[in-house]
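In case you want the letters, here they are:
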Amino acid sequence: DVSADVSLTEVDPSVARESEILTHPIFHQHHSETQMLRYLKALENRDLALNHSMISLGSCTMKLNATSEMVPVTWPTFANI
């Protein structure tokens, strides 16, 4: 029997949406899933994301900092403590 339990398919009236959904004009400009995905990809490309800016710079900086932080360990003042 594939009939669903009514309690699983009904929404409790206290939490049911009463306003309209998808009313923003953008939802009326893109009529297919492909068009919507292309729009979302265009937004993503305009975003300044960590994977396109800070992380690339950060990994080099972290390597440089790690190396430069080891230099004082070779100084006699610190090495002979």
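Along each chain, the written sequence defines residue order, and numbers are assigned to residues from 1. Note on the predicted model: pLDDT of at least 70 is required for a residue's local features to be given, and 80 or more for side-chain atom pairs to be given and counted; whole-chain, interface and lining totals, by contrast, use all residues. Calculation of side-chain values draws on the structure's entire complement of heavy atoms; hydrogens and water are dropped beforehand.

**Student:** Can you walk me through the overall build of the protein chain in this structure?
**Tutor:** By the criteria applied, helices consist of DSSP H or I runs no shorter than four residues and strands consist of E runs no shorter than two, each listed in order from the N terminus. Of regular secondary structure, the protein chain possesses 5 helices and 0 strands. Reading the helices (α) and strands (β) of the protein chain from amino to carboxyl end gives α-α-α-α-α. Here's how the labels work: a residue is buried when its accessible area is under 20% of the maximum for its type, exposed when over 50%, partly exposed in between, all with a 1.4 Å probe on protein chains only. Classification of the 81 residues of the protein chain by burial places 5% in the buried group. Values of accessible area rely on a 1.4 Å probe in the Shrake-Rupley scheme; residue burial ignores everything except the protein chains shown. Accessible surface, the protein chain: about 7,800 Å² in total, of which carbon and sulfur atoms supply 61%.

**Student:** It is not clear to me how the environment of Q35 should be interpreted in this structure. Could you clarify?
**Tutor:** By the element assignment, Q35 lies in helix α3 (residues 33-46). Using a relative accessible area of 35% as the deciding quantity, one classes Q35 as partly exposed. Beyond its immediate stretch of four places on either side in the chain, Q35 contacts Q29 and H30. Two residues qualify as a contact provided that any one of their heavy atoms is within 4.5 Å of a heavy atom in the partner residue.

**Student:** Even after reading the chapter, I still don't get the confidence of the model for the protein chain, so can you show me in this structure?
**Tutor:** Predicted coordinates in regions of low pLDDT should not be interpreted in detail. As a per-residue quantity, pLDDT reports the predictor's confidence and falls between 0 and 100. Of the residues in the protein chain, 73% reach a pLDDT of 70 or more, and the chain-wide mean stands at 79. Per-element mean pLDDT across the protein chain ranges from 62 in helix α4 (residues 54-70) up to 92 in helix α2 (residues 26-29).

**Student:** Is there a simple way to think about unusual backbone geometry in this case?
**Tutor:** For residues that are not glycine, phi is negative in most cases, and the peptide bond is trans in most cases. Its identity as a non-glycine residue notwithstanding, L22 has a phi of 55°, on the positive side. Of note, L22 is situated in the loop between α1 (6-9) and α2.

**Student:** I'm lost on a nonpolar patch on the surface in this one. Help?
**Tutor:** Grouping into patches uses exposed residues only, defined as over 30% relative accessible area, and leaves out salt-bridged ones; the cut-off is 9 Å for like charges and 5 Å for nonpolar side chains (Val, Leu, Ile, Met, Phe, Trp, Tyr). Note on definitions: salt bridges are taken to be side-chain nitrogens of Lys or Arg within 4 Å of carboxyl oxygens of Asp or Glu. Together, V71, W75, F78 and I81 give the surface a local cluster of nonpolar side chains, amounting to about 470 Å² of exposed area. Within the secondary structure, V71 is located in the loop between α4 and α5 (76-79). Classification of V71 by relative accessible area gives partly exposed; the value is 42%.

**Student:** I'm lost on the pattern of salt bridges in this one. Help?
**Tutor:** Working definition: two side chains of opposite charge can pair if their charged atoms are close together. In this structure the tally under the stated criterion is 1 salt bridge. Note that K41 and E44 form a salt bridge whose closest N and O atoms lie 3.4 Å from each other. Of this pair, K41 and E44 both sit in helix α3, 3 residues apart, which is roughly one turn of the helix. A relative accessible area of 42% places K41 in the partly exposed class.

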